[in-house]
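Structural features, examined
Letter by letter, the chains look like this.
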Amino acid sequence: MNSVRAALCSIIRHRGSPAAVAELRLPTEAWLRLIAEAERHGLAPLLWSALARLDENRLPPGLAGRARAARGEMEGRTARLQRGLAEAAEALTGSGIRTLVLKGTALGRRCYGDPAVRVGQDIDLLVHQRDVEPAAAALVARGFIREPRPYALIREDHLVRHRDGLVVDLHWNITGAQFPLDLDFAAIWESRQPGPVMDMPGDAWLLLMSAVYLLKDYPELRLAYLADFTALSAHAAEEDWRDLARLAESTGTRRIVALTLEMARRLLDLRLEEAAALFPPDRKVQGAAQRLETALDRPVDSLQPHLARLVQVLRQANLRERRRERLQALASLWSLLVSPTPEDTALAGRLGTAPRLLRPLRLAGTFLATSLSRGKDAMTRKVAGARHELGAAATARGLRRLRPARGVSLHLIDDQGLLFDARGEALYSLSTSAAWLWCSLEEGTSAADLREAYTASFGRSPEDAARDVDATLRSWQELGLLDGFGRCPAGARDKEEADSEEALPAAPAGLAPPAIERRFRLLDTVFRLGLPGAAEAALVEPVMAAFAIAADAASGNASEEVVLQLASVPDGYVLVGEGRILDRCDSPAGVAPIVKAELLVAAINRYDFSFYLHAAMLRAGEDCLLLPAAPGSGKTTLSAALARAGLAYHSDEVTLLDGERLAARGVPLCPAVKEGSWPVLKERYPELDRQPRHRRGDDKIVRYLPPPVHPGDRALDRHWPVRWIVFPRYRAGAATALRPLARIEALRRLLDECLALRLQLDEAAVERLARWIEGIECHELEVGDLDAAVGLVRGLCLERARASVS
């Protein structure tokens, strides 16, 4: 064992005693490696607490100050989590829900007498599985939002309250199906012991849980759980060990506890004779212990993610003594390998006239239609999906003979998948359970066998399994993805959409001819815009200056121009084209927004593209960055700041992808900066204060910032390869962080921001889309501080762009 590992084990054995840490004689470099190892194994709070209590003369220069700062941060986080735990306890107890606290500060107090040495990032609670929904509802009433965990096999609900950053993991089990555990909540509740804020499991259950947590990622392990087991052992009486033996027998975890005791003996020289007599190590335990010792010093395998996960599950299954647990772990293999997104959210594209519309779908059958409205921002409306109602008898007969329809294919992205229906040009991203069900249907599994296998593979009750399986299959029936059931008649949704479009009113008679004309070129379209006077021209020209062209530069064929007129009427202004009113506003403050919006929509409708994305576009070298996001996410502010930080600006809201390479072209409109962002951007753009105020159709007051581009820059007319996609979200007071995002989740979010689709979707096109996203770095960006966000994105793009050139 190397000196750093020996020092870490000494700290665990002595439960973070400052005296034990003071005896360490390590050079400065070894201290730094010790800190890194402690962080990797979740032991940093224990180490920092010990260092903070030592005389700084015994430590390398600067380390004592770091320790005191870390200790202060830990105490502040502990206090915040304790307040959150008290609030959660009040909410759940008030709803009559029996709840126990796991891990975290409660375990720190029990094991070490100091909650801060076991402080985590969230609050872990355990409830009975039947109480998950009411417990989550009680927390949602306190401002929490349910956010699915990115796990293949779920054992908890993840709830976040963004205003203060509190996170609650609401467990009904502590492991997924790949490492099954029979967790008897009633038995745990009966053995509970009081905590300072909320009750916690008894010591025998805490010992068992610590052993399971230590080995649930076998053949890798985090020593924090071995430290917990060791600290609990110091409190354990003879009766606790006998209780632990009974629990291990009933849950099939004797070998897991025996292996934990063997690791305590090997690494910590901790010999618990009473416990060892109850859990004698067999040959498999000895072999696993040797593998774990090796894994502490170097990774056991250097494998691709699929194969590494496969090997891990096989080794975990081999560690179990009961056949049922081994089979349940093996049954989880397919779900782990496919590992789709955690939500039952589907993405569907539907053909139509120009532009073809992309429709994100929920598997429940509700269509969320996103369309272009003349002179308006993109709007979202709900359209009920076609239903295929089945009687109970027909349902029972149908579920026995369901099979995937012809023309529906599965496409893998990394270790996740897309389902494509070529008949309706629809895309679906499947949840873990949905992907598992689909593959089982392909193998010809009957409905009854599906329910039984689902129960075993996902740790659900038979009632929950039947409900989940039947609901998913019925959703697929409604979407026409299974043979033997009718689909929505072709053209039905086209007719519904056509009927819902509001006819444009005719232009009023007797409009005065325009006093001023200006010409603009957007994309490939030339516009001739008539204006009633100089005042209106002064409002429009600064906003459209980047697209202005001289009269002699316009198209030689006047019939190819799009002719529009802004006319003054008694109640304001109307924008007229082809004898119809395209849009209107009631004051001069609305003139520029309606002109900008109408020219943009008309230009995009006349341009050849595959995808129209609501995304900012910036460029670093020969590659570009996309920032797709919904309105209000801070996308415009971030893109304007990035343009001042060295990235080339192409657009703050409109990005078009071409058909073959799916390369991107932006439309460099003036960024519409809302009132809240004026002070933030003022230092970067002093001219912003001098711009007039405009009122958009959504009643937002904006100033249009002159686009930070060079007039005549040919780069703006090109398509550029996409290398980075970052999804920003501004949240006041949040810690700014850039996190990697699974590519299939990135594709789902990207298509959520796709306002129009013209790509002819077929199997080859979907495969091209899957290969395209595989070559892109995908991230999500939490923005609390603009400077920090700019630094993270700039580092991501500019440094790697230089590395590519080198």
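The following refers to the structure shown. (Residues numbered from 1 in each chain as written. Predicted model: local features only at pLDDT ≥ 70, side-chain atom pairs only at ≥ 80, totals over all residues. Heavy atoms only, no water.)

**Observations regarding the sheet that holds strand 25 (residues 694–695)**
If you walk across this open sheet you meet the three strands as 24-26-25, and the pairing is antiparallel. Taken across any chain shown, the strands that pair with only one partner, and hence form the sheet edges, are strand 24 (672–674) and strand 25. (Pairing = 2+ DSSP bridges. Helix = DSSP H or I, 4+ residues; strand = E, 2+ residues; numbered from the N terminus.)

**What to know about the packing of aromatic side chains**
Tallied over the full model, the rule gives four aromatic pairs. For the pair Phe 185 and Trp 189, a centre-to-centre distance of 6.2 Å together with 20 degrees between the ring planes defines the contact as stacked. With a gap of four residues between them, Phe 185 and Trp 189 both fall in helix 8 (residues 185–190), about one helical turn apart. The pair Phe 185 / Trp 189 is uniform in exposure class, with both members buried. (Phe/Tyr/Trp six-rings, centres within 6.5 Å; stacked < 30°, edge-to-face > 60°. Buried < 20%, exposed > 50% of the residue type's maximum accessible area, 1.4 Å probe, protein only.)

**Examining helix 23 (residues 534–544)**
All buried positions along helix 23 are accounted for by Glu 536, Ala 537, Leu 539, Val 540, Val 543 and Met 544. For helix 23, the angular spread of buried residues about the axis comes to 165 degrees, placing them on one side. Of the exposed residues in helix 23, the ones pointing more than 90 degrees away from its buried face are Ala 534 and Ala 535. (Arc of directions from axis to C-beta.)

**Re the pairing of strand 19 (residues 611–620)**
For strand 19, the tally of buried residues reaches ten of ten residues, placing the bulk of the element in the interior. Judged from the four bridges that link them, strand 19 and strand 22 (residues 654–657) form a sheet pairing that is antiparallel. Residue pairing in the sheet places Tyr 612 in a bridge with Leu 656 of strand 22. Both strand 19 and strand 29 (residues 754–757) contribute to a ladder of three bridges, which runs antiparallel. Residue pairing for strand 29: Leu 613 is matched across the bridge by Cys 754.

**Considering the side chain of Arg 71**
The topology assignment puts Arg 71 in helix 5 (residues 63–94). Not counting residues up to four positions away in its chain, the partners in contact with Arg 71 are Ser 49, Ala 52, Asp 114, Ala 116 and Val 117. (Contact = heavy atoms within 4.5 Å.)

**Examining the packing of helix 3 (residues 28–40) against helix 4 (residues 44–52)**
In contact at an axis separation of 7 Å, helix 3 and helix 4 are set at 140 degrees when each is read in the N-to-C sense. Put simply, helix 3 runs oblique to helix 4. Across the interface between the two elements, Trp 31, Leu 34, Ile 35, Ala 38 and Glu 39 from helix 3 touch Ala 44, Leu 47, Trp 48 and Leu 51 from helix 4. Residue composition of the contact of helix 3 with helix 4, by class: eight nonpolar, no polar and one charged. (Axes fitted to C-alpha atoms, helices over the stretch in contact; angles between N-to-C directions. Parallel < 35°, antiparallel > 145°, perpendicular 65-115°, else oblique. Nonpolar A, V, L, I, M, F, W, Y, C, P; charged D, E, K, R; others polar.)

**Looking at the pattern of salt bridges**
Taken as a whole and judged by the stated rule, the model has 46 salt bridges. The salt bridge partner of Arg 5 is Glu 37, with a shortest N-O separation of 2.7 Å. With Arg 5 in helix 1 (residues 3–13) and Glu 37 in helix 3, this pair connects stretches of sequence that are 32 residues apart. You'll find Arg 5 and Glu 37 in the same group, each marked buried. We note a salt bridge from Glu 249 to Arg 254, for which the minimum N-O separation is 3.8 Å. (Salt bridge = Lys/Arg side-chain N within 4 Å of Asp/Glu carboxyl O.)

**Section: helix 4**
Of all the nine residues making up helix 4, eight are buried; the element is thus mostly covered by neighbouring parts of the structure. Listing the buried residues of helix 4 in full gives Ala 44, Pro 45, Leu 46, Leu 47, Trp 48, Ser 49, Ala 50 and Leu 51. Packed against the buried residues of helix 4 are helix 1, helix 2 (18–22), helix 3, helix 5 and helix 6 (104–112).

**Regarding the nonpolar core**
Membership of the largest hydrophobic core comes to 113 residues, with the highest contact counts inside it found for Leu 34, Leu 51 and Leu 125. It is helix 9 (residues 203–215) that provides the largest number of residues to this core, a total of eleven residues. Beyond its immediate chain neighbours, meaning those up to four positions away, Leu 125 contacts Leu 85, Ala 88, Leu 92, Thr 99, Leu 100, Val 101, Leu 102, Val 168, Asp 169, Leu 170, His 171 and Met 198. Counting residues in each nonpolar core, the second largest holds 42 residues, with Leu 523, Cys 585, Tyr 612 and Leu 656 among its members. (Core = buried A, V, L, I, M, F, W, Y, C linked by side-chain atoms within 4.5 Å.)

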